[in-house]
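Observations on the three-dimensional arrangement
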Amino acid sequence: MLKFLFVCLLWTAPAAAETIAIIGDSVSTGGASHSALAFDIDRMEAVFGGKTKLDIDEATLSFLTSEGVTNPTIPPERLGLSPREFVHPLVWMLNSFVTSMSSQYLDMEEFSWGNLLGHLGAADKILIAARDGEKSLHAKQQVDRILDGAPGQALDHVFIFFTGNDLCASQAELITARDDYTDEISKAVRYLITNATPAAAGKITHIWLMDPLGVAQLVTSPAIQNKKIWAYGAEHTCKQLQSNDLDKNLIGTPTNAVTPVARAILGQIFSGGTAGLCPTLFSYHHTNEITDLLPISDALNGYRAGLAEIAKNLNELNPRYRVAVLNSPSTLSFADTDIGNDCFHLSVRGQMKIAKLVKTEIESKVKVSK
């Protein structure tokens, strides 16, 4: 009986969690998940200028409620940069500006899988340290954000989920190597265990290492490729947007809705199209040869194997912490409705798929452990 109770404590599901913390990239910030966001400078001007609000519409609210999300309108806590990230005043100002712009106009934290998971399990506190554009290289910095955002507070669940930017580079040779990916996340886990407030006696902090998503389906799935989206002032397919095969209305109609600086930023973003977000992935459209995706596939296999090694090596580092891998994200297949209007990020429905699958996997571990 004592052994049974001990195992139950070790594998507490998020439903009983007090605090959930999320480390990762734009998938974990809900980046580009709102239906109002599109690869269209006029629509984005409306968002930046305040004409279009990134609110939860009735249809989305109904969807979230039907999926069992409690209090879907309550946002998580988005953590800011840690002072320990400071390297230079100009760099700090730029990073702070980018973070502020992203959180206000590009991200929908309420739709992020971590927030949805927390509300599915009625978590008391959900902290998002993730930041758009960041890679495994930034994992330790994100731990600092958590330590500053929850000082002296024990964490119940910490999720580490880097699934895109490490794979995206101007050429395949610049994709994050497996050893570098593994080393950075391993250092972050050790840093967290060393510096975080440990759980109270009889409790444990779970550190979940999440397998990256299978991003190749974004360019190979017929349903996603044929998805109709609005971009550059007209209707296109995701294949056209991803392959940069369309006429671009970059200038649009000049307005006073946004500042010249904001408009210049929008123009820079849209000049490269979606293809510019991840050349190593979207270059597939140049040849349609599956071999072009081998560097992506090899890297993903390496990352997943590396995460398994981290869990094996660090699981017994401290009895107050349990390190384990969640494999379910790697098994996800996305429909066209799961993809956002930029044909790269996830919609709220895609985010929900991750949240539900992760919840199910953790619950299955509870059941198996018992």
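For the structure, check the block above.
Below is a short write-up of the structure. Keep in mind that this is a model prediction, so the values were computed, not measured.

What counts and how
- Residues numbered from 1 in each chain as written.
- Predicted model: local features only at pLDDT ≥ 70, side-chain atom pairs only at ≥ 80, totals over all residues.
- Heavy atoms only, no water.
- Patch = residues over 30% accessible without salt bridge, like charges linked within 9 Å, V, L, I, M, F, W, Y side chains within 5 Å.
- Areas by Shrake-Rupley, 256 points an atom, 1.4 Å probe, with all protein chains shown as cover.
- Salt bridge = Lys/Arg side-chain N within 4 Å of Asp/Glu carboxyl O.
- Helix = DSSP H or I, 4+ residues; strand = E, 2+ residues; numbered from the N terminus.
- Buried < 20%, exposed > 50% of the residue type's maximum accessible area, 1.4 Å probe, protein only.
- Pairing = 2+ DSSP bridges.

This part is about a nonpolar patch on the surface. A surface patch of nonpolar side chains, about 250 Å² in accessible area, is lined by L94, F97 and V98. Checked against the element boundaries, L94 lands in helix α4 (residues 89–106). According to the relative accessible area criterion, L94 is exposed, its value standing at 51%.

Within a regular strand, side chains alternate between the sheet's two faces. Counting buried positions along strand β4 (residues 157–161) gives five out of five residues, so the element sits mostly inside the fold. Because side chains alternate across β4, one face comprises the buried residues H157, F159 and F161, and the other comprises V158 and I160, equally buried. Bridging between strand β1 (residues 19–24) and β4 involves five bridges; their strand directions are parallel. By the bridge assignment, I20 is partnered in β4 with H157. One ladder, built from four bridges, connects β4 with strand β5 (residues 205–210); its direction is parallel.

This part takes up the pattern of salt bridges. If you walk through the whole model with that rule in mind, you get 14 salt bridges. The shortest N-O distance in the salt bridge between E85 and R145 comes to 2.7 Å. Linking E85 in the loop between β2 (77–78) and α4 with R145 in helix α6 (residues 139–149), this pair joins segments that are 60 residues apart in sequence. Classification of E85 by relative accessible area gives buried; the value is 15%. Taking the relative accessible area as the measure of exposure, R145 reaches 2% and is therefore buried. Two residues, R178 and E309, come together in a salt bridge whose shortest N-O distance is 2.5 Å. One end of the pair, R178, is in helix α7 (residues 178–195); the other, E309, is in helix α14 (residues 294–314), with 131 residues separating them in the sequence. Relative accessible area serves as the criterion here: at 31%, R178 is assigned to the partly exposed category. Each of the salt bridges in this network shares a partner with another, and the network as a whole consists of E85, R131, E134 and R145.

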